[in-house]
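In case you want the letters, here they are:
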Amino acid sequence: MITASAITATIIDGRQFKNGREFAASIGLVPSQHSTGGKVKLGRITKRGDSYLRYLLVQGARSAFIAARRRKPEKLTRLERWMLALNARVGYYKTLVAIANKHARIIWAVLAKGEAFDPEYGESQPA
């Protein structure tokens, strides 16, 4: 509830951002890029952007991840399976930032399209 209030107070219209990555970048949840000659090099997340929204999204990601770890494997959603697989590959803190980034992109999609969030979206489609 606090995160939703803070985001709607800060971001009046989701269409002011071209895409979800631009919205996540405004919060500071995307890695800095140091690219040259067609070779993409991604660094750490920047401290630019809205630190309060970034804090709230990372704390929400922590809560979502802990809930996913506690759930039985047969009851996991596609997003929760992704979280657990990502944690096995990259570690806890990078997973939290990636989840916060994904949540920011979902929030942008909801704000820009003006539709209600559907957690079941894409579940019936093959992964």
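Look above for the structure.
Let me sum up the structure you'll find in this document. This is a predicted model, so every value here is computed, not measured.

Along the backbone of the protein there are 5 helices and 2 strands. Starting at the N terminus and walking to the C terminus, you meet the elements of the protein as α-α-β-β-α-α-α. For a compact globule of 127 residues, the expected C-alpha radius of gyration is about 14 Å, and the protein comes in at 15 Å, within 12% of that figure. Across the protein, the fraction of contacts at a sequence separation of at least 24, relative to all contacts at a separation of at least 6, is 51%.

Bringing the pattern of salt bridges into the picture now. What the rule picks out here adds up to 1 salt bridge. Residue R71 is joined to E80 by a salt bridge in which the shortest nitrogen-to-oxygen separation is 3.5 Å. Overall, R71 belongs to the partly exposed group, its relative accessible area being 37%.

With that settled, the discussion passes to the packing of aromatic side chains. This structure, assessed with the given rule, holds 3 aromatic pairs. Ring plane angle 80° and centroid distance 5.2 Å describe the contact between Y92 and Y93, whose orientation is recorded as edge-to-face. Among the residues examined, Y92 registers a relative accessible area of 25% and is labelled partly exposed. Aromatic rings pair up to connect F65, Y92 and Y93 into one cluster. Across from the ring centre of W82, 4.7 Å away, lies the NZ or CZ of K102, which sits over that ring.

Cut-offs applied
- Residues numbered from 1 in each chain as written.
- Predicted model: local features only at pLDDT ≥ 70, side-chain atom pairs only at ≥ 80, totals over all residues.
- Heavy atoms only, no water.
- Helix = DSSP H or I, 4+ residues; strand = E, 2+ residues; numbered from the N terminus.
- Rg over C-alpha atoms; globule rule 2.2 N^0.38 Å.
- Contact = heavy atoms within 4.5 Å.
- Salt bridge = Lys/Arg side-chain N within 4 Å of Asp/Glu carboxyl O.
- Buried < 20%, exposed > 50% of the residue type's maximum accessible area, 1.4 Å probe, protein only.
- Phe/Tyr/Trp six-rings, centres within 6.5 Å; stacked < 30°, edge-to-face > 60°.
- Lys NZ or Arg CZ within 6 Å of the ring centre and 35° of its normal.

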